[in-house]
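In case you want the letters, here they are:
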Amino acid sequence: MGLRIGVVGVGPVGDRIIRCIREQNIPVEGELVVIATRERTEILADEEFLVREVGPELFEGLDVVFFAGREGAKGASVEWGKVATDAGAWVVDNGGDFRMEPGYPLIVPEVNMDAVTGENKHICSPNCSTIQMAVAIAPIHRAVGIKRVVVSTYQATSGWGLAAMDQFEEEIKACAAGDEVNCDPSIFARAIAHDCLPHIDRFLDTGYTKEEMKMVHETRKIMGVPDMPITATAVRVPVLIGHSESINLELDAPLSREDALAILSDEEQAPGVVVVDGPSKDPLAISVREAPEELQYPTQADVLRDEYKDAVLVGRVREDPSVENGLNMWCVADNLRKGAATNTVQIAQALMQRGMLG
Ligand SMILES: NC(=O)c1ccc[n+]([C@@H]2O[C@H](COP(=O)([O-])OP(=O)(O)OC[C@H]3O[C@@H](n4cnc5c(N)ncnc54)[C@H](OP(=O)(O)O)[C@@H]3O)[C@@H](O)[C@H]2O)c1
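Please read all numbers here as calculations on a predicted model, not as lab measurements. (Residues numbered from 1 in each chain as written. Predicted model: local features only at pLDDT ≥ 70, side-chain atom pairs only at ≥ 80, totals over all residues. Heavy atoms only, no water.)

Peer 1: Any details on the domain arrangement of the chain? Residues and values, ideally.
Peer 2: By a widespread convention, an interface's size corresponds to the accessible area lost as its parts come together. Domains assigned within the chain are domain 1 (5–125 + 341–353) and domain 2 (130–335). Put simply, the middle of domain 1 and the middle of domain 2, counted by C-alpha atoms, are 25 Å apart. Listed by partner, the interface residues are 16 residues for domain 1 and 20 residues for domain 2. Note on domain 1 versus domain 2: buried area summed over both sides is about 1,600 Å², and carbon and sulfur give 60% of it. Per-residue buried area on domain 1 facing domain 2 is highest for P12, E110 and V111; these three make up 29% of the total on that side. In this structure, E23 engages K309 in a salt bridge whose closest nitrogen and oxygen atoms are separated by 3.4 Å. There are seven residue pairs in polar contact (both at pLDDT 80 or more) connecting domain 1 and domain 2. If you list the elements that add at least two residues to the side of domain 1 that touches domain 2, you get α1 (12–23), α3 (109–112) and α8 (337–353). Along the lines of polarity and charge, the residues of the side of domain 1 that touches domain 2 split into six nonpolar, four polar and six charged. (Domains from an automatic or database assignment. Contact = heavy atoms within 4.5 Å. Buried area = accessible area lost by both parts, 1.4 Å probe. Salt bridge = Lys/Arg side-chain N within 4 Å of Asp/Glu carboxyl O. Polar contact = N/O pair within 3.5 Å; in protein donor to acceptor, adjacent residues only side chain to side chain. Helix = DSSP H or I, 4+ residues; strand = E, 2+ residues; numbered from the N terminus. Nonpolar A, V, L, I, M, F, W, Y, C, P; charged D, E, K, R; others polar.)

Peer 1: Could you give me a rundown of unusual backbone geometry, with the residues and numbers involved?
Peer 2: The backbone of D46 shows a phi angle near 65°, a positive value even though the residue is not glycine. Mapped onto the secondary structure, D46 falls in the loop between β3 (40–44) and β4 (47–53). Exposure remark for D46: the relative accessible area of 65% places this residue in the exposed category. Positive phi is not limited to glycine here, since D201 has a value of about 70°. Turning to its location among the elements, D201 is positioned in the loop between α5 (162–177) and α6 (210–223). (Buried < 20%, exposed > 50% of the residue type's maximum accessible area, 1.4 Å probe, protein only.)

Now the structure itself:
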């Protein structure tokens, strides 16, 4: 028997969730129930769907509902998450509303699937930049222990939804045509074409942004390290899809570049990680493509390739001699796939494997 599945939200994340369901051959009973704020027909994941206007009756009888709506009081999971779980469904939620609430599991399947007990059927998927960092650093933490994390991000415009993707493309076209660039401050505070903005989400009184603090708090919750010192700088860059991160780790014990690469290249120790790290002269380095040695590192463009779209790519692994037991790495993932849709579909697959769903 297949699963009765709902998808709330038809932006880029909702589209990718449907793609992942199809690609993973998740058995679906009947039609996917696709939901947004108003009824219409839409092409999603190359299929035509009747998108239904959200209402309580749509959640009845569903086994699992993927939420990819907007956040906040009028957002999808605040308004409809409890309606879905009360109707008996599992909720797998891309939004940030419940991630840090006690009792709500915040899950990256490669790291902490055991935190799902079934007591609360509303499961949260972390922020996109947090997911890829957790996948990349958890294996190092398991192996030697992490004392401190310093991360700087380079995040794509699609992290702010469909409207931001459209805004970015309009700005690029205007620049190319020599026209004035009109920026919409409700999306990005300043024009993003040909610029980088150290500003993602709202500023807090501390001077940090909400996005930066999400990386701190969510990483601690996922990895079960409530006191781990973590500091983040989140930067929006003029890229459509894909987030990169420069991650600096201070470890509890020394770890050579070679040993770090051996851990990260081992599927059992580092599930979900693909190492793209030259030069290929190093027998422990895995070179995944033919390229000049100095180019053997992952970039945002690489995660658009079919073979990497669900992976967390790690490269530029090197010891950091400026601190005791320091290690640097570069980490890249598709924010719409592993940073959102893929992670949620993997959560549902893990529930199925554990006999909790289906
Ligand atoms: N983009 C990323 O990289 C990323 C990564 C991780 C997590 N997320 C999270 O994933 C969610 C979706 O992201 P997105 O980029 O796809 O957003 P988006 O482009 O803004 O799309 C949001 C969708 O949600 C629907 N929606 C909004 N409020 C709703 C409500 N109250 N009830 C039902 N449907 C509602 C909208 O419906 P209409 O089309 O009818 O307006 C729209 O289809 C957000 O919570 C976001 O924070 C995004």
